[in-house]
Amino acid sequence: MTEGIALAVEGLGKRYRRKVALRDCSFELPAGRVSALVGMNGAGKTTLLSVLAGLLPPTEGRVRLPAGERRIAFVAQEKPLYRHFSVRDMLRLGSKLNTVWDQQRALDWLARFDVPLDRPCGKLSGGQQAQVSFAVAIGSRPSVLLLDEPLSNLDPLARREVVKELLSAVVDTDMTVLMSTHVVAELSGVADHLLLLGDGELVLSGDVDDLLAAHRNYAGPRSERPPVPGEVLVASHVGGQSTFLMESFEPVAAPWTARPVTLEDLVLARLENARAVAA
Ligand SMILES: Nc1ncnc2c1ncn2[C@@H]1O[C@H](COP(=O)(O)OP(=O)(O)OP(=O)(O)O)[C@@H](O)[C@H]1O
């Protein structure tokens, strides 16, 4: 496997009886970085993460990991905590179930978020329960950490803190993170690599900066044809003006203008495009 790759997926597919949840997915996860898995509800994010975590067998294709010691931790949307166990008991369980365990790292995480160690998990708030799951995952010192909608239960301040702590854990331990979300706005300053899933298929993947640099919004006088060659993802014509969101970075002559696209524009355009092609 190529150096710098934490995990490679080849032709991965998953079917639940007649429902095809993933189809022919191939990608590589860059090591020591945070990647985002973006897709709308039902796109297949949880299925993909569960297959990567080894919790679900794929129907086809395979997941490859580098040789040597590697550990994958998965923080699911439904947090599997024992209600009657105290937070301290959950850490004890974590230490028993994992071959590698860093108690201090787990304790530091909980202290950072003021989670009481002696309270039963069933009496913690949803956000605090999420913090216990993060602490157990981080304590196992994973080489790859998979997070399913990790920020969804957290208030805005806790979101910011979790992101900050995750990024510093990535830097300190060279961990690779793949986190799913359907909220593109959550990614800014967090993920620098993107996997975009549309209805079970990988629609787009790559470094966020490269993807943004490869697309432009062109605006100019009404025209059925775009001003430059390249793939048109979205064309709109309002009054006397046309705009084209395109995979292109060609300069244009006045009166046309070329503006950078936002990640949100790009994600929505790619998903709409994929839906139109599939229809
Ligand atoms: N156990 C199952 N049996 C049958 N179909 C399933 C099962 N689990 C998921 N699916 C279907 O597979 C598709 C992908 O589901 P999945 O939960 O992976 O999507 P998701 O992107 O994580 O969605 P969300 O953002 O809503 O959590 C959906 O159409 C879903 O209904």
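Being a predicted model, the structure only gives us computed values, none of them experimental.

Trainee: Just checking my understanding: could you explain the overall build of the chain for this structure?
Mentor: For the chain, the helix and strand inventory stands at seven helices and 13 strands. With respect to the three principal axes, the spread of C-alpha positions in the chain is 65 × 40 × 35 Å. Counting over 279 residues, the chain shows a buried share of 44%. Across the chain, contacts joining residues at least 24 apart in sequence account for 67% of those joining residues at least 6 apart. One way to put it: in the chain the 31 positive side-chain charges average out to a point 6 Å from where the 33 negative ones average out.

Trainee: Is there a simple way to think about the packing of aromatic side chains in this case?
Mentor: Aromatic ring pairs are described here by two measures, namely the spacing of the ring centres and the angle between the planes. For the coordinates displayed, the defined rule picks out three aromatic pairs. Taking the centre distance of 5.4 Å and the plane angle of 40° together, the rings of Trp-109 and Phe-113 count as tilted. Of the two residues, Trp-109 and Phe-113, both sit in the buried class. When the centroid spacing of 6.1 Å and the interplanar angle of 40° are considered together, the rings of Phe-244 and Trp-256 count as tilted. Of the two residues, Phe-244 sits in strand β12 (residues 241–247) while Trp-256 sits in the loop between β12 and β13 (257–260), which places them twelve residues apart along the sequence.

Trainee: When you look at the sheet that holds strand β4 (residues 60–64) in this model, what are you seeing that I'm missing?
Mentor: Backbone-to-backbone hydrogen bonds join strands into a sheet, with any given pair of strands oriented parallel or antiparallel. With antiparallel pairing, three strands are arranged side by side in an open sheet as β2-β1-β4. Two strands close off the open sheet at either side, each with one partner strand: β2 (19–30) and β4. Taken pair by pair, the neighbouring strands of this sheet meet at an average axis angle of 15°, ignoring direction. Here strand β1 (residues 5–16) pairs with β2 via eight bridges, running antiparallel. Paired with Leu-12 across the bridge in β2 is Cys-25. Running over the sheet, helix α1 (residues 45–52) touches β1, β2 and β4 and is turned about 120° from β1.

Trainee: What should I look at first to understand the packing of helix α3 (residues 103–112) against helix α5 (residues 156–173) in this one?
Mentor: The axes of two packed helices give the description: the angle between them and the distance between them. For the pair α3 and α5, the least separation of the axes is 11 Å and the interaxial angle reads 160°. Here α3 lies roughly antiparallel to α5, going by the angle between them. Note on packing geometry: the crossing formed by α3 with α5 is right-handed. Where α3 approaches α5, its residues Arg-105, Trp-109 and Arg-112 are matched on the opposing element by Glu-161, Val-162, Lys-164, Glu-165, Leu-166, Ala-169, Asp-172 and Thr-173. For the contact of α3 with α5, a count of residues per class yields four nonpolar, one polar and six charged.

Trainee: Looking at this structure, I do not really get the pattern of salt bridges. What am I missing?
Mentor: Charged atoms that come close allow side chains of opposite charge to pair. As enumerated under the stated definition, the model contains 13 salt bridges in all. Where Asp-102 meets Arg-141, a salt bridge forms, and the shortest distance between an N and an O atom there is 2.7 Å. Taken as a pair, Asp-102 in the loop between α2 (87–97) and α3 and Arg-141 in the loop between α4 (126–139) and β6 (144–148) lie far apart in primary sequence, 39 residues in all. Using a relative accessible area of 17% as the deciding quantity, one classes Asp-102 as buried. Residues Arg-270 and Glu-247 are paired through a salt bridge, measuring 2.7 Å at the closest nitrogen-oxygen approach. One end of the pair, Arg-270, is in helix α7 (residues 263–278); the other, Glu-247, is in strand β12, and 23 residues separate them in sequence. Given a relative accessible area of 9%, Arg-270 falls into the buried group. Look at Glu-247 and you get partly exposed, because its relative accessible area is 35%. Salt bridges sharing partners connect three or more residues here, namely Glu-10, Arg-62 and Arg-64.

Rules used throughout
Residues numbered from 1 in each chain as written. Predicted model: local features only at pLDDT ≥ 70, side-chain atom pairs only at ≥ 80, totals over all residues. Heavy atoms only, no water. Helix = DSSP H or I, 4+ residues; strand = E, 2+ residues; numbered from the N terminus. Buried < 20%, exposed > 50% of the residue type's maximum accessible area, 1.4 Å probe, protein only. Contact = heavy atoms within 4.5 Å. Lys, Arg positive; Asp, Glu negative; His and termini not counted. Charge placed at Lys NZ, Arg CZ, Asp CG, Glu CD. Phe/Tyr/Trp six-rings, centres within 6.5 Å; stacked < 30°, edge-to-face > 60°. Pairing = 2+ DSSP bridges. Axes fitted to C-alpha atoms, helices over the stretch in contact; angles between N-to-C directions. Parallel < 35°, antiparallel > 145°, perpendicular 65-115°, else oblique. Left-handed = near helix turned anticlockwise from the far one by under 90°. Nonpolar A, V, L, I, M, F, W, Y, C, P; charged D, E, K, R; others polar. Salt bridge = Lys/Arg side-chain N within 4 Å of Asp/Glu carboxyl O.

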